[in-house]
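Letter by letter, the chains look like this.
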Amino acid sequence: MINVIVAGFRGSMGQKTVELVKQTADFHLVGVYSPHVTELQPQKYGLADDVQVFNHLGTEMKSADVWIDFSTPTAVFENTKFALKSHIHPVVGTSGLNEAQLTELKALAKTQQTSGLIVPNFGISAVLLMKFAKEAATYFPDVEIIEMHHEDKLDAPSGTALSTAQAISEARKAPVQPEFKESVKGARGADYQGIRIHSVRLPGYVAHEQVLFGGAGEALTIRQDSFNRDSFMKGVAIAVRQVATLSELAVGLENVLN
Ligand SMILES: NC(=O)C1=CN([C@@H]2O[C@H](COP(=O)(O)OP(=O)(O)OC[C@H]3O[C@@H](n4cnc5c(N)ncnc54)[C@H](OP(=O)(O)O)[C@@H]3O)[C@@H](O)[C@H]2O)C=CC1
Ligand SMILES: O=C(O)C1=N[C@H](C(=O)O)C[C@H](O)C1
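Residues numbered from 1 in each chain as written. Chains lettered and ligands numbered in written order. Predicted model: local features only at pLDDT ≥ 70, side-chain atom pairs only at ≥ 80, totals over all residues.

A.B. asks: Tell me about the sheet that holds strand β5 (residues 89-92), and please be specific about residues and values.
C.D. replies: As summarised here, the arrangement of the 7 strands in space is β3-β2-β1-β4-β5-β6-β12, forming an open sheet in which the pairing is parallel. The open sheet has two edge strands, β3 (52-54) and β12 (249-251), and neither has a second partner. The mean angle between the axes of side-by-side strands here comes to 25°, regardless of whether they run parallel or antiparallel. Two strands pair when backbone bridges link them, and β5 and strand β6 (residues 116-118) are joined in this way by 2 bridges, in the parallel orientation. Counterpart to V92 in the pairing with β6 is I118. Of the strands in this sheet, β1 (2-7), β4 (66-69), β5 and β6 touch helix α2 (residues 76-85), which is tilted by about 155° from β5. (Pairing = 2+ DSSP bridges. Helix = DSSP H or I, 4+ residues; strand = E, 2+ residues; numbered from the N terminus. Axes fitted to C-alpha atoms, helices over the stretch in contact; angles between N-to-C directions. Contact = placed C-beta atoms within 7 Å.)

A.B. asks: Got a sec to walk through the site of ligand 2? Specific residues and values, please.
C.D. replies: Close to ligand 2 lie S95, P120, N121, H149, K153, S158, G159, T160 and A207, which account for all nearby residues. By residue class, the composition of the shell around ligand 2 is 2 nonpolar, 6 polar and 1 charged. (Near = placed C-beta within 6 Å. Nonpolar A, V, L, I, M, F, W, Y, C, P; charged D, E, K, R; others polar.)

A.B. asks: Residue-level account of unusual backbone geometry, with values.
C.D. replies: Looking along the chain, the bond that leaves A156 and enters P157 is cis, with omega of -5°. The residue P157 is located in the loop between β7 (143-149) and α5 (159-171) in this model. At H87, a position not held by glycine, the phi torsion is positive, near 60°. Among the secondary structure elements, H87 is positioned in the loop between α2 and β5.

A.B. asks: Pulling in residues and values, what's your account of α2?
C.D. replies: Considered for burial, the residues of α2 that qualify are V76, N79, T80, A83 and L84. Buried residues of α2, seen end-on, are gathered within an arc of 130° and therefore sit on one face of the element. Tucked inside the fold, the buried residues of α2 contact β1, β4, β5, α3 (99-112) and β6. The first or second residue beyond α2 is H87, which carries a positive phi of 60°. (Buried ≥ 20, exposed ≤ 12 C-beta atoms within 10 Å, placed from the backbone. Arc of directions from axis to C-beta.)

A.B. asks: For the UniProt feature "binding site: (S)-2,3,4,5-tetrahydrodipicolinate" (unreviewed entry) in the protein, give the residues involved together with the corresponding values.
C.D. replies: Per the UniProt record, the feature "binding site: (S)-2,3,4,5-tetrahydrodipicolinate" (unreviewed entry) sits at H150, G159 and T160. Structurally, the position occupied by G159 is in helix α5. Here G159 falls in the buried class, since 20 other C-beta atoms lie within 10 Å of it. In contact with G159, not counting residues within four places along its chain, are S95, G96 and P120. Turning to its location among the elements, T160 is positioned in helix α5. Residue class for T160 comes out buried when judged on the 25 C-beta atoms lying within 10 Å of it. (UniProt positions renumbered as here; feature names shortened; annotations may be inferred.)

A.B. asks: Before we move on, can you summarise the pairing of β1 with the specific residues and values?
C.D. replies: By the bridge criterion, 6 bridges tie β1 to strand β2 (residues 27-33) in an arrangement that is parallel. In the strand pairing of β2, I2 is matched with F27. In this fold, the crossover linking β1 to β2 by way of helix α1 (residues 12-23) has right-handed handedness. Both β1 and β4 contribute to a ladder of 4 bridges, which runs parallel. Paired with V4 across the two strands is V66, which belongs to β4. (Right-handed = clockwise from strand over helix to strand, strands pointing away.)

A.B. asks: For the site of ligand 1, give the residues involved together with the corresponding values.
C.D. replies: Around ligand 1, a shell composed of 27 residues is seen, among which G8, G11, M13, S34 and A75 lie nearest. Looking at the shell around ligand 1, the element that brings in the most residues is α1, giving 3 residues.

See the structure below:
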């Protein structure tokens, strides 16, 4: 049995994840966390009597094996530090960790001898998109990314777009950067190591990404769509089952896919 805490349990992803944990025979929900809850009775949230509702980080959480984090870009660093220091394996879906924070968390995982997994996107379509984009970048160094999300998304660009750009940038030879002048500031999007990223936020959308490659007289577009949040749940279950088998704090669902 894998004992799980869900951080951010009242959010869009948190609610789905709580349902997943409740419905999976080898997972046991031991706790849920949000610093904003005032009512601590599990029944208030439709949870079984033995689920602890936490509104602060504390030693009582240590009975958990895995910490699933779907909180906010400003909370995820402290939450993940707490999980590692408590020897709870973090499975982090929350976006917004920067390079310095990631480096610190990796070092902490080593000293605490606690593995973990940071997953920019739990959707298999997104994992494949990143893999294919990395391969395509060796042939097509000229590339731009468009990511499209629901209007409630707090951060931009998305964690998936940043990971895609990182993978492309590792794989490609530096392209010639075209010169341009923006008559409206921001028209050419954000710049990640010479890769332009455009972030769209609109109602009706869930999570979508296009990677556009251009070459001499040809183009390649790779696209993935998450039409609903069920698309992430298979990946979350795999990550929860496999995280303890890792030897470090790894980044990417591909680390636990066969
Ligand atoms: N990796 C992936 O595949 C995916 C990642 N995400 C990412 O997951 C994150 C959450 O997304 P989503 O569910 O849509 O967002 P929501 O805004 O719906 O939920 C965020 C939740 O975080 C809670 N929260 C706020 N502060 C803290 C804290 N310090 N500790 C714990 N919980 C806290 C809030 O609690 P309260 O409601 O109680 O105020 C809220 O319910 C985002 O970063 C998003 O980008 C989303 C989808 C897929
Ligand atoms: O906020 C979201 O919804 C999502 N966030 C993640 C990201 O920032 O890439 C994953 C997915 O795109 C959904």
